[in-house]
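# Observations on the model geometry
Listed below are the residues making up each chain.
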Amino acid sequence: IPFELSGDEEKDDVLYATWSGTQPDNNTLPLAFNHLMARFDLNLVFNGEDYTTTPTGISAKIEVVKTATINLLAASPAFTPGDNKKDEVSLTGKNTPAVGMAWSGYTVVVPGQDIKACKVTLSFTADGEQKSLTYTHGESLLFQSGKRTVLNLTVNKNKIEGLVGYGFDSDDSEFLY
């Protein structure tokens, strides 16, 4: 089945259910639901030495492959990423940033991508100026089905730097929106 991200996290999330195959005596089926999509979380810290005011109007985009083919007939449903053409996808800001962060955002992405030199673009207003900065992640970003990939960044006056904290959350009870 062809698939393309729409930018709406709730609509783009694909769930599938599995059944052990054993029919219980009460005729109810014990289904186990799983997320087929991957999730990307971005956390930002703004360097206080570079900004005299708290940045506002923060928006972020990540460059990813937005198209894929879903195989729901396989033993384990899976995505095959599309034509490798990358497009920008906007992140949705969270009401409450991650602990110790100034801003946090997330989006659903097509799993199975291992993106080298992944670009993140930020726009915000600070010290009365509209800013736009781009960060290119030096390592691969791997998006895995049903897992969250987290990237923490420090925003300086003229550049963005990676923080320790890039990784995966494989037992993610907060994946739901």
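For every chain, the first residue of the written sequence is number 1, and numbering continues from 1 onward in sequence order. Reporting of local features is limited, given that this is a predicted model, to residues whose pLDDT is at least 70; pairs of side-chain atoms are given and counted only at 80 or more, and all residues count toward the totals for whole chains, interfaces and linings. Side-chain measures here rest on the full set of heavy atoms in the structure, leaving out hydrogens and waters.

## Points about a nonpolar patch on the surface
Rule in force here: To count toward a patch, a residue needs a relative accessible area above 30% and no salt bridge. Like charges then connect within 9 Å, nonpolar side chains (Val, Leu, Ile, Met, Phe, Trp, Tyr) within 5 Å. Here the open area of atoms and residues is found with the Shrake-Rupley method and a 1.4 Å probe, where only the protein chains shown may cover a residue. A side-chain nitrogen of Lys or Arg and a carboxyl oxygen of Asp or Glu constitute a salt bridge if their distance falls within 4 Å. Only DSSP runs of H or I reaching four residues or more are called helices, and only runs of E reaching two or more are called strands; each is numbered from the N terminus. Between buried and exposed lies partly exposed: a residue is buried under 20% and exposed over 50% of the maximum accessible area for its type, with that area taken using a 1.4 Å probe on protein chains only.
Taken together, the side chains of Leu 15, Trp 19, Leu 29, Leu 31 and Phe 33 make up a nonpolar region of the molecular surface, amounting to roughly 520 Å² of accessible area. At the level of elements, strand 2 (15–19) and strand 3 (31–35) are the ones that each hand at least two residues to the nonpolar patch. For Phe 33, the location among the structural elements is in strand 3. Overall, Phe 33 belongs to the exposed group, its relative accessible area being 56%.

## Examining the side chain of Asp 13
Convention followed: Charge counting treats Lys and Arg as positive and Asp and Glu as negative, with His and both chain ends excluded. Any pair of N or O atoms that falls within 3.5 Å is considered a polar contact. Within protein, one atom must be able to donate a hydrogen and the other to accept it, and sequence-neighbouring residues count only if both atoms are side-chain atoms.
Note on placement: Asp 13 falls in the loop between helix 1 (9–12) and strand 2. Although Asp 13 lies buried, it forms no salt bridge, and the closest oppositely charged side chain, Arg 39, sits 8.4 Å away as judged by the N-O distance. At 2.7 Å, the side chain of Asp 13 forms a polar contact with the side chain of His 35.

## Here's the deal with the sheet that holds strand 7 (residues 78–81)
In a beta sheet, neighbouring strands pair by backbone hydrogen bonds and run either parallel or antiparallel. What counts, and what does not: Two strands qualify as a pair provided DSSP detects at least 2 bridges between them. Only the stretch in contact is used when fitting a helix axis, every axis being a line fitted to C-alpha atoms; angles between N-to-C directions are given from 0 to 180 degrees.
One open sheet holds the three strands; their spatial order is 1-6-7, and the pairing between them is antiparallel. Among the strands making up the open sheet, the edge pair consists of strand 1 (2–4) and strand 7. Strand-to-strand twist in this sheet, taken as the mean axis angle between neighbours without regard to direction, amounts to 35°.

## Description of the packing of aromatic side chains
We apply this condition: In summary, the pairing rule links any two rings of Phe, Tyr or Trp, Trp by its six-membered ring, whose centres are within 6.5 Å, and it sorts them by plane angle into stacked for under 30 degrees, edge-to-face for over 60 and tilted for everything else.
For the structure shown, the criterion picks out four aromatic pairs. Seen in terms of ring centroids, Phe 46 and Tyr 51 are 6.0 Å apart; in terms of plane orientation they differ by 80°. Their pairing is edge-to-face. Take Phe 46: its relative accessible area is 12%, and that puts it in the buried class. Ring centres 5.2 Å apart and planes at 70° place the aromatic pair Phe 46 and Phe 124 in the edge-to-face group. Pair noted here: Phe 46 is in strand 4 (residues 38–46) and Phe 124 is in strand 12 (residues 119–126), with a separation of 78 residues, a long-range link. Assigned by exposure class, Phe 46 and Phe 124 land together as buried.

## Remarks on the confidence of the model for the chain
Here is the rule: For every residue, the predictor reports its confidence as pLDDT, a number between 0 and 100. Residue contacts follow a heavy-atom distance rule, with two residues in contact if any of their heavy atoms lie within 4.5 Å.
Confidence along the chain averages 82 in pLDDT terms, with 91% of residues attaining 70 or more. Low pLDDT, under 50, characterises residues 170–177; the stretch is placed with 20 contacts to residues that sit more than four places away or in other chains.

## Topic: the sheet that holds strand 12
Pairing is antiparallel in the open sheet, where four strands are placed in the order 8-5-12-13. The sheet is open, and its two edges are formed by strand 8 (86–90) and strand 13 (129–136), each paired on a single side. Pairs of neighbouring strands in the sheet enclose a mean axial angle of 20°, with direction left out of account. Here strand 5 (residues 56–65) runs beside strand 8; their pairing, made up of five bridges, is antiparallel. Note on strand 8: the bridge partner recorded for Ile 62 is Val 89.

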